[in-house]
Amino acid sequence: MSKKDRMSGNEAVAYAIRQVNPDVMPAFPITPSTEIPQLVSTYIANGEMDTEFIPVESEHSSMSAAVGAEAAGARSMTATSSCGLAFMWEELLVAASNRLPIVLTLVNRTLSGPININCDHSDGMGARDTGWIQIYAENNQEAYDNYIQAFPIAEDKRVHLPVMVCQDGFITSHAVQNILLEDDKDVKEFVGEYHPEEFLLNPGKPVAVGPYAVSNYSMEAKYNQEAAMIRSREVIKEVAARFREKFGRGFDFFEEYRCEDADYIMLIMGSAAGTAKQAADDLRDKGMKVGVLKLRVFRPFPAEEIAAALSKCKAVAVMDRCESYNGHGGPLASEVPAALFMNKVYTEVVNYVYGLAGRDFTTETAAGIFEELEDVVENKKQVRQCTYVGLRSKEGQ
Amino acid sequence: MNSKNIEIRWHGRGGQGAKTAALLLADVCFKTGAYVQGFPEYGPERMGAPITAFNRISDREIRVHSNIYTPDLVVVVDETLLHSVDVTSGLKEDGAIIINTDKTPDEIRPLLNGFLGRVYTVDARKISVDALGKYFPNSPMLAAAVAVSNVMEKDDFIREMRTSYEHKFAKKPEVIDGNMKALTDTFEALESQLGM
């Protein structure tokens, strides 16, 4: 039975880690994810779990150790943020290409510089093409739920890919909120035991992990990796359905909030989606038909489903909590319009970069965006297609 | 003030426990069945620097994750902040502010940028030193926040806080009674201001 509790996002993930009790967890502390290995270490010291915790000397080493442990046949995970993830970058690719179902809990924080500890998605987005499945959470509850679902997705025979479960640094990681926690037994049952088919510590079936691949074979390996990413779509949906059936909550690729008859939809990820939903309710009360599409799964990118969900509205605000420095908007500004165009959905799109390095995103900001979309459609207001919201001044002074 | 959908902003200095007080308030309100949110604003952390923490307490699920700009209640844990931080910024006209000071509300009001709403003062230093022998302002300020905001009944608050302290101070039970006294003394000290 579910238990009502209150805890921060970091506490919620640590609680889930205790319940899953993975075999190995190498980690190196970095704000704002430090509490996760800290709390896990406490659980281990108190005898509440028996994960092999490896205090490594850097994130480069934590992911290397996770790669080694997972290849050996152990269920492995780690936690990090920001520059810690950047420092793992090389090993992220090694983990994914060796098809190692490692789970990484990422507490999103901006990348330097200026040096800053607060939230944006530049760390996760920087790793978007490393071959990891990426799932983003709106709140502590989803951070908890997504972590539990990560293992059955990653370890499924059709997938064999690592999964990054993300939550917003400080905004959810350090905010105490209500949460429903599930019984240890139910969580363990849901996640199941890990029985890898091929692993290094199996003398009966020797395998090589990470050998050199000549050009004659390398491209096929990459093709198969992409094929696994495509297959992960059905597995993510199955696991979400099983989670809903067992625990009564959750979404597949995204949540459609009041989108069915919406003229204007905001596509957004993470904690700001909650704020956007409140703004949508406020505007609905005033008669404006608006909705929020909260993207939960960013990798694999659910292009067809997004295009279908946005096919009937008049305009979409695509919200990026990350700058790509490409002169043409953030990561979602590239991927969402491509998804629309390739599925022959020709709706108006405005891309807003928001919330960088912890810049606050309020209901007023969200409401202003919905109103601007209406202005664009109804009054042909000219706006930059890729713009910023929440700057101190228009010139960014 | 609608006691079932209330936004509180805490102003303190790093190390004084304003963040802890906000988290304790979320904790104790949760026990009455409320939806709660308690979170600090993080910046370059250093002892003595101004910090802000926030609470939302509601009878409905809380989805907003922004800071609080138009609070119903402001709690100032350190009086010296009145000279450097605009503590009444956005504070609702029918809202309230509580300040840790040995001055009276009338003496403090001129420092509040023309705020016309309710002003309460609590001498948390005196209460804390009398009850605990040391200066920990967060217990008195937490009690004051509950007394002024009415987020929960006093008796429920006292009962839940005892449980909470018994858990928190399991290894130094000698401070439990002192902290409980700081809470009840604060309620008593505020009685005349609250017209109880």
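Residues numbered from 1 in each chain as written. Chains lettered and ligands numbered in written order. Predicted model: local features only at pLDDT ≥ 70, side-chain atom pairs only at ≥ 80, totals over all residues. Heavy atoms only, no water.

## Some points on the interface of chain A and chain B
Size of an interface, as often reported, equals the accessible area lost when the parts are brought together. Listed by partner, the interface residues are 26 residues for chain A and 22 residues for chain B. Broken down residue by residue, the surface that chain A buries against chain B is led by R6, Q177 and N178 of chain A, which jointly contribute 30%. Across the chain A-chain B interface, the total number found is 2 salt bridges. Where R6 of chain A meets D27 of chain B, a salt bridge forms, and the shortest distance between an N and an O atom there is 2.5 Å. Taken together, chain A and chain B are joined by 14 residue pairs in polar contact (both at pLDDT 80 or more). (Contact = heavy atoms within 4.5 Å. Buried area = accessible area lost by both parts, 1.4 Å probe. Salt bridge = Lys/Arg side-chain N within 4 Å of Asp/Glu carboxyl O. Polar contact = N/O pair within 3.5 Å; in protein donor to acceptor, adjacent residues only side chain to side chain.)

## Side note on the domain arrangement of chain A
Residues and elements named next belong to chain A. Each assigned domain of chain A is listed with its residue range as follows: domain 1 (3-247) and domain 2 (254-388). Relative placement of domain 1 and domain 2: their C-alpha centres are 28 Å apart. Between domain 1 and domain 2, the residue contacts involve 27 residues of the former and 28 residues of the latter. Together, R128, E138 and R233 form the three largest contributors to the area buried by domain 1 at its contact with domain 2, with a combined 27%. Taken together, the connections running from domain 1 to domain 2 amount to 6 salt bridges. (Domains from an automatic or database assignment.)

## Some points on helix α1 (residues 18-30) of chain B
The first and last C-alpha atoms of α1 of chain B sit 18 Å apart over 13 residues, in line with the 18 Å expected at 1.5 Å per residue. Taking burial as the measure, the 13 residues of α1 of chain B include 10 buried ones, the bulk of the element. (Helix = DSSP H or I, 4+ residues; strand = E, 2+ residues; numbered from the N terminus. Expected span 1.5 Å × (residues − 1). Buried < 20%, exposed > 50% of the residue type's maximum accessible area, 1.4 Å probe, protein only.)

## Overview of the side chain of S76 of chain A
Residue and element names in this part refer to chain A. Relative to the helices and strands, S76 is located in the loop between α3 (59-72) and β4 (77-80). Here S76 falls in the buried class, since its relative accessible area comes to 0%. Sequence-distant contacts of S76, defined by excluding residues within four places in its chain, comprise V24, A66, A69, E70, I102, V103 and F151.

## Regarding the pairing of strand β8 (residues 176-181) of chain A
Every regular strand shows the same layout, with side chains that alternate between the two sheet faces. In terms of residue burial, β8 of chain A counts as a mostly covered element, since 5 of its 6 residues are buried. Here strand β1 (residues 3-7) of chain A pairs with β8 of chain A via 5 bridges, running antiparallel. Looking at β8 of chain A, one finds that K3 of chain A is bridged to L181 of chain A. Both β8 of chain A and strand β2 (residues 35-41) of chain B contribute to a ladder of 2 bridges, which runs antiparallel. Across the sheet, residue V176 of chain A finds its bridge partner in β2 of chain B, namely G38 of chain B. (Pairing = 2+ DSSP bridges.)

## Quick notes on the environment of D123 of chain A
All names here are of chain A. Locating D123 in the fold gives a position in helix α6 (residues 122-126). Sequence-wise, D123 and G204 are 81 residues apart; in three dimensions their C-alpha atoms are separated by 40 Å. With residues up to four places along the chain from it excluded, the contact list for D123 reads S81, S82, L85, L106, V107, N108, R109 and L111. Side chain to side chain, D123 and N108 meet in a polar contact 2.9 Å long.

## A word on the nonpolar core
By size, the foremost hydrophobic cluster in this structure holds 90 residues, and its most contacted members are M63, Y147 and L310 of chain A. When residues of this core are assigned to their parent elements, the largest contribution, 8 residues, is made by helix α7 (residues 140-155) of chain A. In this structure L310 of chain A touches I265, L267, L293, V316, V336, L340, V345 and T347 of chain A, once residues within four positions along its chain are discounted. Membership of the second largest hydrophobic core comes to 48 residues, among which are V75, M141, V151 and M180 of chain B. (Core = buried A, V, L, I, M, F, W, Y, C linked by side-chain atoms within 4.5 Å.)

## Here's the deal with the packing of helix α1 (residues 9-20) of chain A against α7 of chain A
Residue and element names in this part refer to chain A. Where α1 contacts α7, the two axes come as close as 8 Å, and the packing angle between them is 30°. As summarised for this structure, α1 and α7 are arranged roughly parallel, according to the angle between their axes. In this structure, α1 crosses over α7, and the sense of that crossing is right-handed. Between α1, through G9, A12, V13, Y15, A16, I17, Q19 and V20, and α7, the contact on the second element is made entirely by N140, A143, Y144, Y147, I148 and F151. Tallied by class, residues from the contact of α1 with α7 come to 11 nonpolar, 3 polar and no charged. (Axes fitted to C-alpha atoms, helices over the stretch in contact; angles between N-to-C directions. Parallel < 35°, antiparallel > 145°, perpendicular 65-115°, else oblique. Left-handed = near helix turned anticlockwise from the far one by under 90°. Nonpolar A, V, L, I, M, F, W, Y, C, P; charged D, E, K, R; others polar.)

## Thoughts on the pattern of salt bridges
Tallied over the entire structure, the rule returns 38 salt bridges over all chains. The partner of D129 of chain A in a salt bridge is R299 of chain A, with the nearest N and O atoms 3.3 Å apart. A residue pair is termed long-range when its members are at least 10 positions apart, and D129 of chain A in the loop between α6 and β6 (133-136) and R299 of chain A in strand β12 (residues 297-299) qualify at 170 residues. Overall, D129 of chain A belongs to the exposed group, its relative accessible area being 59%. Its relative accessible area of 9% is what places R299 of chain A among the buried residues. A salt bridge links R162 of chain B to E166 of chain B; the nearest nitrogen and oxygen atoms lie 3.8 Å apart. Of this pair, R162 of chain B and E166 of chain B both sit in helix α5 (residues 154-168), separated by 4 residues, roughly a single helical turn. Note on E166 of chain B: relative accessible area 41%, which makes it partly exposed.

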